[in-house]
Amino acid sequence: MVLERVAASVDEAGLWKMHEEMARFGATPKGGVCREALTPEDFDARRQFAEWGRDAGFVLAVDAIGNMFLRREGTEPDLPPVITGSHLDSQPTGGRFDGSFGVLAGLEALFALERAGIRTRAPIEVVNWTNEEGGRFAPGVMGSGVYADPSMLATMLEVPDKAGTRLGDELDRLGSILAPVGPVGARALAAPVGAFIEGHIEQALRLEETGNSIGIVTGIQGTRKFRVEVIGEEAHAGTTPRRRRRDAVLAAAWMVQALHRMMEDADDLLRFTIGVFEAFPGAPSVIPGRVRFSIDFRHPDDVLRARLGDAIRPLCEALAGPCRVQIEELQAAASVDFHGAAIEAVRHAVEIVGASHMDLYSGAGHDARNMARLCPSAMVFVPCEKGISHNEAENAKPEDLAEGARVIAVALAALAGAA
């Protein structure tokens, strides 16, 4: 009966209201959000998250990469906490639910435990991970990555954005921004965790098409991400003959076409994207002397992904022509399968809540991938309208968000030893 009380205490209207209020920070005219990591809009969202936790009596701690943890204490405080959450930062033209749902559903789960008057042996924490999206500072899933591997911290603090602003300098502002909210504790990186559950919109159509309200995520496919820079020579567009040109755009275009051909997949499982393509100096009458573009490709098969990723450099070098090319791998992550206590708790919670459900494999990367290196981890997907995400048109139904929050709340309570 204890876990049923937790599920019954989730407030659908309250959860929806939190989403509406969070969507004010970085709101765009088209109904989405632009809340890139460590911008004023992100800081506003972080402060709101901290205030909601403070008002409920939870304790806030922040680690060296800016991850924020709101803690509901357990009766045995020395036990490793059970953690849930996701991220509040967004893509430049992002939606209101990607990331935010996981944070706000976790917060609502803590509120539900409070309303039900249920104590847990282990503490439960809600985390807001820093820079999951990686739009302003690359790579993404940075906060959870540094938490799982603190040796990355020094490198990540030096990462610049396009304007040359250092991530560490922006992060230094967080303390003063949170100070008015109340005391902020220090959280150690890689501190022990009992289990981790991440809620998220599906970002695909499978739940909507099948009429299921919950996706039990069985794993996340691997990814490799690169930055390619083609260096040619700037010259006058009207006077420089073709034979003397070192046109960086032309060389980059050859590379892009060849990469697309190399990444063709008869089964349509491989995902290949060039999301950034920038030419410099960007003047109509100047032959571009430099081009920078990104590569993001994903596939569940670690062997195939390794082979194709290792072929990128020689292919680009062979097509550089009179130009030079520099290639940097920003991120490589193996496919991960979820197993153990966390996903079993989610399966049990789905039965208690009575939610329609199905197993899913995630094509998108998430923070749960990094946490799976430290503890039993799992993910809970809820439907999003037409599968649209990373788009201002992103939408979800209040009842689906609440169902996901119920599953998360029950699973957390079970893992933390509710009584």
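Scroll up to find the structure this text is about.
Here is a short report on the structure shown in this document. This structure is a prediction, so every number in the text was calculated from the model and none was measured.

About the thresholds
- Residues numbered from 1 in each chain as written.
- Predicted model: local features only at pLDDT ≥ 70, side-chain atom pairs only at ≥ 80, totals over all residues.
- Heavy atoms only, no water.
- Core = buried A, V, L, I, M, F, W, Y, C linked by side-chain atoms within 4.5 Å.
- Buried < 20%, exposed > 50% of the residue type's maximum accessible area, 1.4 Å probe, protein only.
- Helix = DSSP H or I, 4+ residues; strand = E, 2+ residues; numbered from the N terminus.
- Contact = heavy atoms within 4.5 Å.
- Axes fitted to C-alpha atoms, helices over the stretch in contact; angles between N-to-C directions.
- Parallel < 35°, antiparallel > 145°, perpendicular 65-115°, else oblique.
- Left-handed = near helix turned anticlockwise from the far one by under 90°.
- Nonpolar A, V, L, I, M, F, W, Y, C, P; charged D, E, K, R; others polar.
- Arc of directions from axis to C-beta.
- Polar contact = N/O pair within 3.5 Å; in protein donor to acceptor, adjacent residues only side chain to side chain.
- Pairing = 2+ DSSP bridges.
- Phe/Tyr/Trp six-rings, centres within 6.5 Å; stacked < 30°, edge-to-face > 60°.
- Lys NZ or Arg CZ within 6 Å of the ring centre and 35° of its normal.

## Considering the nonpolar core
Here is step 1 of the chain: Judged by nonpolar contacts, the single largest core of 101 residues is most densely connected at Ile65 and Val346.
Here is step 2 of the chain: Ranked by residues supplied to this core, first place goes to helix 4 (residues 100-116) with 11 residues.
Here is step 3 of the chain: Counting residues in hydrophobic clusters, the runner-up holds 25 residues, among them Val228, Leu270, Ile295 and Phe297.

## Here we look at the side chain of Ser100
Here is step 1 of the chain: If you trace the backbone, Ser100 turns up in helix 4.
Here is step 2 of the chain: When its relative accessible area of 1% is taken as the criterion, Ser100 is described as buried.
Here is step 3 of the chain: Apart from the residues within four sequence positions on either side, Ser100 is in contact with His19, Met22, Arg35, His87 and Leu88.

## With respect to the packing of helix 10 (residues 248-262) against helix 11 (residues 302-318)
Here is step 1 of the chain: In the contact formed by helix 10 and helix 11, the axes pass within 11 Å of each other and the chain directions differ by 150°. Judged on the interaxial angle alone, helix 11 and helix 10 are roughly antiparallel. For helix 10 against helix 11, the interelement crossing comes out right-handed. Here helix 10 contributes Met255, Ala258, Leu259 and Met262 to the contact with helix 11, which in turn contributes Leu308, Ala311, Ile312, Leu315 and Cys316.
Here is step 2 of the chain: Residue composition of the contact of helix 10 with helix 11, by class: nine nonpolar, no polar and no charged.

## A closer look at the environment of Ala23
Here is step 1 of the chain: Within the secondary structure, Ala23 sits in the loop between helix 2 (12-22) and helix 3 (40-55).
Here is step 2 of the chain: Exposure remark for Ala23: the relative accessible area of 11% places this residue in the buried category.

## Some points on helix 2
Here is step 1 of the chain: Within the span of helix 2, buried status applies to Leu15, Trp16, Met18, His19 and Met22. For helix 2, the arc enclosing every buried residue in end-on projection is 155°, short of the 170-degree limit, so these residues lie on one face.
Here is step 2 of the chain: Taken together, the buried residues of helix 2 touch helix 3, helix 4 and helix 14 (398-415).
Here is step 3 of the chain: Taking the backbone nitrogen of Ala13 as reference, a side-chain oxygen 3.2 Å away marks Asp11 as the first, capping residue of helix 2.

## Topic: the pairing of strand 7 (residues 214-220)
Here is step 1 of the chain: Across the seven residues of strand 7, six count as buried, placing the element largely inside the fold.
Here is step 2 of the chain: Examined bridge by bridge, strand 7 and strand 16 (residues 357-362) share six bridges and lie parallel to one another. By the bridge assignment, Gly219 is partnered in strand 16 with Tyr361.
Here is step 3 of the chain: Strand direction decides the pairing type here: strand 7 and strand 17 (residues 377-382), joined by three bridges, are antiparallel. When the bridges of strand 17 are listed, Ile216 appears paired with Val380.
Here is step 4 of the chain: Here strand 7 pairs with strand 15 (residues 336-337) via two bridges, running antiparallel. Each bridged residue has a counterpart across the sheet, and for Ile220 the counterpart in strand 15 is Val336.

## Quick word on the packing of aromatic side chains
Here is step 1 of the chain: According to the stated counting rule, one finds seven aromatic pairs in the structure shown.
Here is step 2 of the chain: For the pair Phe58 and Phe111, a centre-to-centre distance of 6.2 Å together with 20° between the ring planes defines the contact as stacked. Within this pair, whereas Phe58 is found in the loop between helix 3 and strand 1 (59-62), its partner Phe111 is found in helix 4, the two being separated by 53 residues in sequence.
Here is step 3 of the chain: Their ring planes at 65° and their centres at 5.8 Å tell us that Trp129 and Tyr147 sit as a pair that is edge-to-face. With Trp129 in the loop between strand 4 (124-128) and helix 5 (142-148) and Tyr147 in helix 5, this residue pair connects regions lying 18 residues apart in the sequence. Like Trp129, the residue Tyr147 is buried in the burial classification.
Here is step 4 of the chain: A cation sits over an aromatic face here: Arg290 above Phe280, 4.1 Å from the ring centre.

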